[in-house]
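Breakdown of the fold
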Amino acid sequence: MTEDPFVAHRTLLFTVAYEMLGSAADAEDVLQDSWLRWAGVDQSQVNDPRGYLVRVVTRQALNRLRTLSRRREEYIGEWLPEPLLTSPDVAEDVELAESVSIAMLTVLETLGPAERAVFVLREVFDLPYGEIAEAVGKSPAAVRQIARRAREHVAARRPRVQVSRSEQQAVVERFLAALRTGQVQELLEVMAPDVVLITDGGGLAAAARAPIHGAELVATLLARPGRAVSAVWLNGAPAGRIEIDGRLAAVSLVVEDGRVTRIHAVANPQKLTRLDEPAELAR
C-alpha cells in the first residue's frame, strides 16, 4: 500500500503555508482544510499530486491571509511572525533558511496576499508561472508582473549584507553573552549604533508598541541581569531563548558588518508554543 501523497508531502505543504502566513498555528489550520478537500477528490484522476496539493494549500492560505489582514490591523502593538524551533540542518539549505527567517517573514508581511503567494511559490519553491497562475487565479502574464513587483519590493527591504553562518553565529553568541551579564557597554559593543528593536507582546506580555531605535536606548532597555539566556536555532538561524520571572521570549537577530542591526523579540505567549520540538521544513 503506497503512502498517501498528502502525508508524503506534508512537510513541504506546511512550509508553503507557514511562509505565506508567518504563523504555524494558521498553517496547521490551512493544512487541515486542505486535507478535507484532498479527501473529497478522485485522487486517481490527479496526475501530479504534489503540484495539485501545493495549489490547494496556496488557495486556502490566500483565503486565510485575507482574514488575517483584518485581524492584524487590530493587533495590539507590533506584529511579528511566530518563531519555530529548527534543527541546525535547516541552515544547510541556504535559500530555505533565508526564506523562513524572521527577518524575511517580516518583509513578506508588507506584501499583499497575491504578491506574497506569487513570491513564495516562485522565488522559494521555483514553481512554473503556469502553475502559480492556476493556484492564485490569475493569468501567467499577470503572475509574471506580480512576481517582478514582489521581487523589487522584497529586495528594497531585506538586509543588504549577507553574512556567513559562522559570522552570524559568532555575533549572536556575543549578543547573548552580553544579555546574560546585563552590562550596557557589552551590549553597545555588539550592536550597530542605529540598531532597531521590535517587540511583539500582542497585549498579553510586556512589549513596546512601536520600534525602538538607537543602540543606547536599546541597550538601556535590555541591560537587566537575572535573565536565563540560552542559544537556540529559530527559523534556520542562531537565535536566543530568554526567560525572566517565568516569562519567555524568543529573540531573532539581523547581523550586518559584524554587528546586530535589528532585534526581533517575540513575547506573546500564544506564539511561543513551538519552542520545545524542532519543526520540519522542506522545499
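Rules used throughout
- Residues numbered from 1 in each chain as written.
- Predicted model: local features only at pLDDT ≥ 70, side-chain atom pairs only at ≥ 80, totals over all residues.
- Heavy atoms only, no water.
- Core = buried A, V, L, I, M, F, W, Y, C linked by side-chain atoms within 4.5 Å.
- Buried < 20%, exposed > 50% of the residue type's maximum accessible area, 1.4 Å probe, protein only.
- Helix = DSSP H or I, 4+ residues; strand = E, 2+ residues; numbered from the N terminus.
- Contact = heavy atoms within 4.5 Å.
- Pairing = 2+ DSSP bridges.
- Axes fitted to C-alpha atoms, helices over the stretch in contact; angles between N-to-C directions.
- Polar contact = N/O pair within 3.5 Å; in protein donor to acceptor, adjacent residues only side chain to side chain.
- Parallel < 35°, antiparallel > 145°, perpendicular 65-115°, else oblique.
- Left-handed = near helix turned anticlockwise from the far one by under 90°.
- Nonpolar A, V, L, I, M, F, W, Y, C, P; charged D, E, K, R; others polar.

**Describing the nonpolar core**
Within the largest apolar cluster, 51 residues are counted, with the highest numbers of intra-cluster contacts made by Phe14, Met20 and Leu108. Counting only elements with at least two residues in this core, the list comes to helix 2 (10-21), helix 3 (24-39), helix 4 (49-73), helix 5 (94-100), helix 6 (102-108), helix 7 (113-124), helix 8 (129-136) and helix 9 (140-157). Counting residues per element, this core draws most heavily on helix 2, at eight residues. Excluding its chain neighbours within four sequence positions, the residues that come into contact with Phe14 are Ala24, Ala27, Glu28, Leu31, Leu84, Arg274, Glu280 and Leu281. Listed in part, the 25 residues of the second largest apolar core include Leu179, Leu187, Val229 and Ile263.

**Observations regarding the sheet that holds strand 2 (residues 212-213)**
Read from one edge to the other, the open sheet built from six strands follows the order 2-1-6-5-4-3, with strand pairing classed as mixed. Here the strands that pair on one side only, and so sit at the sheet edges, are strand 2 and strand 3 (228-234). Of the strands in this sheet, strand 1 (191-200), strand 3, strand 4 (237-244), strand 5 (247-256) and strand 6 (259-266) are in contact with helix 10 (residues 165-181), which crosses strand 3 at around 160 degrees. The strands touched by helix 12 (residues 215-222) within the sheet are strand 1, strand 2 and strand 6, with strand 1 carrying the most contacts at an inclination of about 50 degrees.

**Considering the environment of Val195**
Along the chain, the position of Val195 falls in strand 1. Along the primary structure Val195 and Asp126 are separated by 69 residues, whereas in three dimensions their C-alpha atoms are 34 Å apart.

**As for the pairing of strand 6**
On a regular strand, each side chain points to the face opposite its neighbour's, so the side chains alternate between the two faces of the sheet. Burial within strand 6 is extensive, with six of its eight residues counted as buried. Direction of pairing for strand 1 relative to strand 6: parallel, over a ladder of six bridges. Residue pairing for strand 6: Val196 is matched across the bridge by Arg262. As paired elements, strand 5 and strand 6 share seven bridges and run antiparallel to each other. Counterpart to Glu256 in the pairing with strand 6 is Arg259. Counting the residues in the hairpin turn of strand 5 and strand 6 gives two residues, including Asp257, whose phi is positive at 55 degrees.

**Details of the environment of Thr261**
Positionally, Thr261 belongs in strand 6. Judged by its relative accessible area of 16%, Thr261 falls in the buried class. Between the alpha carbons of Thr261 and Leu188 there is a distance of 11 Å; along the sequence they are 73 residues apart. A polar contact of 3.2 Å, which involves the side chain of Thr261, links it to the side chain of Glu256.

**A short note on the environment of Gly22**
Mapped onto the elements, Gly22 comes out in the loop between helix 2 and helix 3. Note: C-alpha distance between Gly22 and Leu12 (ten residues apart in sequence) is 15 Å. Among all residues touching Gly22, those that are not within four sequence positions of it are Trp79, Pro81, Glu82 and Arg116.

**Some thoughts on unusual backbone geometry**
We note that Asn235 has phi near 50 degrees; this positive angle belongs to a residue other than glycine. Mapped onto the elements, Asn235 comes out in the loop between strand 3 and strand 4. For Asn235, a relative accessible area of 1% gives the class buried. Not every positive phi belongs to a glycine, and Asp257 is a case in point at roughly 55 degrees.

**Looking at the pairing of strand 3**
Two strands pair when backbone bridges link them, and strand 3 and strand 4 are joined in this way by seven bridges, in the antiparallel orientation. Across the sheet, residue Trp233 finds its bridge partner in strand 4, namely Pro238. Here strand 3 folds back onto strand 4, and the loop between the two strands holds two residues, one of which, Asn235, carries a positive phi near 50 degrees.

**Some remarks on the packing of helix 4 against helix 8**
Helix 8 packs onto helix 4 with a crossing angle of 45 degrees between their chain directions and a minimal axis gap of 8 Å. Judged by the angle between their axes, helix 4 and helix 8 are oblique. Handedness of the crossing formed by helix 4 with helix 8: right-handed. Here Gly51, Arg55, Thr58, Arg59 and Leu62 of helix 4 lie close against helix 8, whose contacting residues are Glu131, Glu134, Ala135 and Val136. Across the contact of helix 4 with helix 8, the residue classes tally to three nonpolar, two polar and four charged.

**A word on the packing of helix 2 against helix 7**
Put simply, helix 2 and helix 7 touch, their axes get as near as 9 Å, and they point 135 degrees apart. Put simply, helix 2 runs oblique to helix 7. For the crossing formed where helix 2 meets helix 7, the hand is right-handed. Taking contact as the criterion, the partners of Val16, Glu19, Met20 and Leu21 in helix 2 are, on helix 7, Arg116, Ala117, Val120, Leu121 and Val124.

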